[in-house]
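What follows is each chain in one-letter form.
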Amino acid sequence: MTEAQQHIDGTDDLEAFRDRVRTWLAAEAPRQGWLREESRSAAAARPQTHDVAGFERYLERARSCQHALFDAGFAGITWPKEYGGQGLSNREQVVFNEESQAYDLPLIPFTIGLGMCGPTVLAVGTDAQKRRHATPMLTGEEIWCQMFSEPGAGSDVAGLQMRAERANDQWRINGQKVWTSGAHYSRFGMLLARTSPDLPKHRGLTMFIVDMQTPGIQIRPLRQMNGASGFNEVFFDDVLIPAENVLGEVDDGWRTSLVTLMNERVAIGAGRQSGETPTAQSLVELAEHRGISHDSALRDAVAEVYIQERVLSLLSHRINGSILQGKAPGPEGSVAKLVATALARRAAALGAELAGPAAQAWSPTDPAGDHWAAVMLMAPGLSIAGGTDEIMRNIIGERVLGLPKEPSATKR
Amino acid sequence: VNLIPTEDHEAFRRSVRAFVEAKAPPTEVRRLIDDPTGYDDATWRQMSDQLALPGLAVTTELGGDGSGWTEVALVMEELGRALLPSPYLSTAVIATAVLLESSADAESAELLSLIASGKTTIAVAVGQPTADDSGVTLVAQHSPTGWTIDGDINFVIGGAQADVLLVPATSPDGPLFFRIEATADGVHRTPLTTLDLTRRQARIELRAAPAQPVGDSESASRALARGFDLTATAIAAEQLGGAAKCLEAAVAYAGMRQQFGRAIGSFQAVKHMCADMLIDVESVRSTVAYAAWVADNEPASLPVAASLAKACASDAFNRVSASNIQIHGGIGFTWEHDAHLYYRRARSTALLFGDSHWHRERLAHSLGMG
């Protein structure tokens with residue numbers, strides 16, 4: 001490649017950026033406890049609301065990590081400079097993701113705000129909304145949640161019933177949301193509610209920015225099947241929201257939500273192996289430890305996990321490679337999430353099989369005794385959150401392969 | 001690791017695809033199934049004269065194109081899409097991979113030049129691997145009049161059609177590769193009846209067949225190992241092409257075929273099957289791109305990368321070619337429909353050069369499972 005070409009496509013700048021990220025992480029990670037081994041031993045670092053003190057400590061670590069990223073110029077890499085971001089492209093974001101993958105940055109509480117809410121505010125918000133909200137999101141000061149799902153509207157989000165009625169220069173909100181991750185520690189939320197019940201279901205929705213401390217909002221944690229409480233029910237009882245908190249246009253909330261969901265699928269399905277999915281290497285060690293690594297059926301099963309793990313990482317590599325070359329990722333971008341969920345289920349099941357009876361009962365004094373149980377109990381959730389495996393297959397079938405939609409029983 | 005095809009690769013792919021689609025429409029593939037040779041010699045010559053495909057991986061000093069295995073994998077993918085029968089796998093992949101390990105040797109150099117010229121086809125009489133041996137079953141003996149080889153070997157791809165046989169055999173000096181003229185005395189070639197109708201195989205029986213050594217025992221050991229891995233990689237690329245073609249056919253049919261008043265592809269049971277086929281195809285595409293890149297850039301990682309690609313591609317092509325039949329329903333089970341040709345190719349290639357269990361066992365070993 002000639003120098004002139006490098007200048008045009010910014011290869012030099014990108015490598016300089018990579019160096020900067022690498023140097024900074026290498027210096028900060030040991031000091032801040034972001035190395036992988038450290039956080040693994042502190043497995044309690046996973047946010048669990050029933051351990052209130054432990055969870056507060058985790059949130060504190062998370063906020064300080066996000067703030068450090070902000071101070072170092074690595075928060076909001078693709079967000080405009082005028083709203084506190086770095087004004088760079090997806091290519092720098094990919095570089096940052098690649099470099100930070102070796103570390104365990106405690107950033108889970110910001111996934112929804114920075115991955116979905118922020119991009120939506122930036123895409124359709126008013127200048128005042130962007131000025132008010134973007135920077136506190138980037139510094140970690142204000143955490144956001146997303147309130148779309150309802151008891152009667154899961155995969156069929158547009159079927160939601162939460163009502164928003166105009167009351168002078170405010171909106172009055174009544175109804176219930178569910179599966180709201182992080183609502184209990186969020187300062188703001190993005191809410192989808194029905195403003196025009198007489199319009200076809202996709203056309204009568206509006207997106208709102210909600211201050212989670214507004215009177216009339218009640219948050220009740222839901223206990224997940226694995227015992228943790230990451231998500232909540234959120235009840236709205238005559239909650240008043242100022243008119244300027246409409247995000248996008250009134251009755252145009254469906255289009256706004258598509259911006260969010262698109263970002264959600266990018267954020268969740270970018271080909272990363274879930275941190276809770278056991279690696280093939282850990283399965284090898286377990287088999288060796290238990291003295292069963294000569295068993296040919298188990299060897300075959302471990303190798304299959306290894307294959308899927310490499311496939312996922314190669315898919316991710318292809319996605320990142322396309323972005324780095326300024327191209328849109330092809331079909332590989334759509335299949336990564338399903339590969340990841342299948343891998344998670346397979347690896348969790350095999351891990352438990354290799355661990356044997358110890359995966360199902362352990363001494364209460366063994367701090368790591370519940371490891372395989374925790375892994376097994378987490379796996380089913382990955383195939384539901386962020387678009388079920390079935391909805392993902394619909395999306396692949398319809399948007400990637402161009403197959404016809406299922407005729408709808410309700411008006412669209 | 002770079003897995004994104006360059007503009008040059010895409011342009012090359014377009015020209016190969018245009019050629020293959022022009023030369024091997026389904027009617028031509030059907031004709032060649034019943035042809036005594038099993039491939040069209042004029043097409044093979046054009047593959048050489050117009051596109052220089054046989055010598056793609058042969059160095060330029062020997063008259064080849066000096067490209068890499070990434071380009072070879074790309075050709076295999078395109079040939080696999082169309083099921084175009086040709087000596088490409090036996091000559092341009094297996095024989096070339098073996099001979100490149102001893103290219104300093106005059107005999108090897110001559111054979112590589114002949115491959116690049118497109119004038120000679122070569123079959124490598126290598127056995128299929130079993131759990132604990134390399135597949136070398138033939139025995140070479142030295143006498144004052146030269147080397148001779150005895151033994152029988154099955155499943156030799158292109159063995160009955162090739163001009164020259166390249167044969168690995170055990171000798172007092174260790175394993176060696178030998179050149180045997182296909183028409184020499186003591187060479188008996190019996191075409192096998194094959195599950196895959198679009199690729200010929202033979203049983204070869206050698207009775208004191210006169211043989212000329214090619215390279216030395218060191219190059220032979222390297223050739224057996226690397227030749228096997230490059231072949232497995234190339235077959236995985238071919239499986240990718242076949243699987244991608246099956247996916248296209250299934251999606252086209254699911255979008256067109258009407259039942260219960262709507263396209264069957266609008267039913268989730270069918271749509272999700274198509275989505276799973278895409279997941280398989282993109283997974284295989286990832287491992288094949290990686291293995292081909294490794295073959296050119298990181299030789300020490302080739303055994304793992306080849307096993308990754310071959311295991312993934314064999315299982316995926318088996319599933320995808322079966323789903324293609326299922327989506328086509330009754331018509332997909334007929335002789336006239338091409339779906340079974342891909343299913344046959346899938347089931348056949350899955351068992352050649354290490355089935356997926358064999359490759360997973362090798363991966364388990366490489367992961368440190370004792």
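Right above here is the structure, for reference.
Residues numbered from 1 in each chain as written. Chains lettered and ligands numbered in written order. Predicted model: local features only at pLDDT ≥ 70, side-chain atom pairs only at ≥ 80, totals over all residues. Heavy atoms only, no water.

1. Some points on the overall build of chain A
Helices and strands together make up the secondary structure of chain A, namely 13 helices and 8 strands. For 412 residues, the compact-globule estimate of 2.2 N^0.38 gives 22 Å, and the C-alpha radius of gyration of chain A, at 22 Å, lies within 12% of that figure. By principal-axis analysis of the C-alpha atoms, chain A measures approximately 70 × 60 × 50 Å. Counting the 412 residues in chain A, one finds 50% classified as buried. Pairs at least 24 apart in sequence give 71% of the contacts found in chain A among residues at least 6 apart. Summing over all exposed atoms, chain A offers an accessible surface of approximately 19200 Å²; the carbon and sulfur share of this is 53%. Both charge centroids of chain A, one from 41 positive and one from 50 negative side chains, sit 4 Å from each other. (Helix = DSSP H or I, 4+ residues; strand = E, 2+ residues; numbered from the N terminus. Rg over C-alpha atoms; globule rule 2.2 N^0.38 Å. Buried < 20%, exposed > 50% of the residue type's maximum accessible area, 1.4 Å probe, protein only. Contact = heavy atoms within 4.5 Å. Areas by Shrake-Rupley, 256 points an atom, 1.4 Å probe, with all protein chains shown as cover. Lys, Arg positive; Asp, Glu negative; His and termini not counted. Charge placed at Lys NZ, Arg CZ, Asp CG, Glu CD.)

2. Some words on the pairing of strand β7 (residues 231-242) of chain A
Note that strand β3 (residues 170-181) of chain A and β7 of chain A share 10 bridges and pair antiparallel. Residue pairing in the sheet places S181 of chain A in a bridge with F231 of chain A of β7 of chain A. (Pairing = 2+ DSSP bridges.)

3. A short note on unusual backbone geometry
With a phi angle near 50°, D238 of chain A is a residue other than glycine that sits in the positive phi range. Within the secondary structure, D238 of chain A sits in strand β7. With phi around 60°, F155 of chain B is a residue other than glycine that occupies positive phi space. Position of F155 of chain B among the secondary structure elements: in strand β3 (residues 146-157).

4. Here we look at the environment of P87 of chain B
Residues and elements named next belong to chain B. On the secondary structure map, P87 appears in the loop between α4 (69-82) and α5 (88-100). Measuring from C-alpha to C-alpha, the distance between P87 and A57 comes to 15 Å, with 30 residues separating the pair along the chain. Sequence-distant contacts of P87, that is, excluding residues within four places in its chain, are made with Y39, W44, A92 and T121.

5. Notes on helix α6 (residues 106-117) of chain B
Residue and element names in this part refer to chain B. Here α6 is 12 residues long and its end C-alpha atoms lie 16 Å apart, about the 16 Å a rise of 1.5 Å per residue gives. The set of residues buried in α6 consists of E107, S108, A109, L111, L112, I115 and A116. Where α6 begins, the capping side chain belongs to D105, and its oxygen is found 3.0 Å from the backbone nitrogen of E107. Looking one or two residues past α6, G118 carries a phi angle of roughly 80°, positive in sign. (Expected span 1.5 Å × (residues − 1). Polar contact = N/O pair within 3.5 Å; in protein donor to acceptor, adjacent residues only side chain to side chain.)

6. Notes on the pairing of strand β4 (residues 188-194) of chain A
Residue and element names in this part refer to chain A. Of all 7 residues in β4, 7 are buried; the element is thus mostly enclosed. Of the two faces of β4, the one lined by F188, M190, L192 and R194 and the one lined by G189, L191 and A193 are each fully buried. One ladder, built from 4 bridges, connects strand β1 (residues 144-147) with β4; its direction is parallel. The partner of M147 across the bridge, within β4, is L191. Here 7 bridges tie β4 to strand β5 (residues 205-211), and the two strands are oriented antiparallel to one another. Considered in β5, the bridge of A193 is made with T206.

7. As for helix α11 (residues 332-355) of chain A
Compared with an ideal rise of 1.5 Å per residue, which puts 24 residues at 34 Å, α11 of chain A spans 33 Å between its outermost C-alpha atoms and is within 8% of the ideal. With respect to burial, α11 of chain A is a largely interior element, 17 of its 24 residues being buried.

8. A look at the interface of chain B and chain A
Of the residues lining the interface, 42 residues belong to chain B; the matching set on chain A comes to 40 residues. Summed over both sides, the interface between chain B and chain A buries roughly 3600 Å², with carbon and sulfur atoms accounting for 66% of that surface. The salt bridge involving K271 of chain B is made with E398 of chain A; its shortest N-O contact spans 2.5 Å. Here chain B is connected to chain A by 16 residue pairs in polar contact (both at pLDDT 80 or more). At the level of elements, α7 (217-256), β9 (262-263), α8 (268-297), α9 (302-328) and α11 (356-366) of chain B are the ones that each hand at least two residues to the side of chain B that touches chain A. Looking at the side of chain B that touches chain A element by element, the count peaks at 14 residues for α8 of chain B. Classifying every residue of the side of chain B that touches chain A gives 21 nonpolar, 13 polar and 8 charged. (Buried area = accessible area lost by both parts, 1.4 Å probe. Salt bridge = Lys/Arg side-chain N within 4 Å of Asp/Glu carboxyl O. Nonpolar A, V, L, I, M, F, W, Y, C, P; charged D, E, K, R; others polar.)

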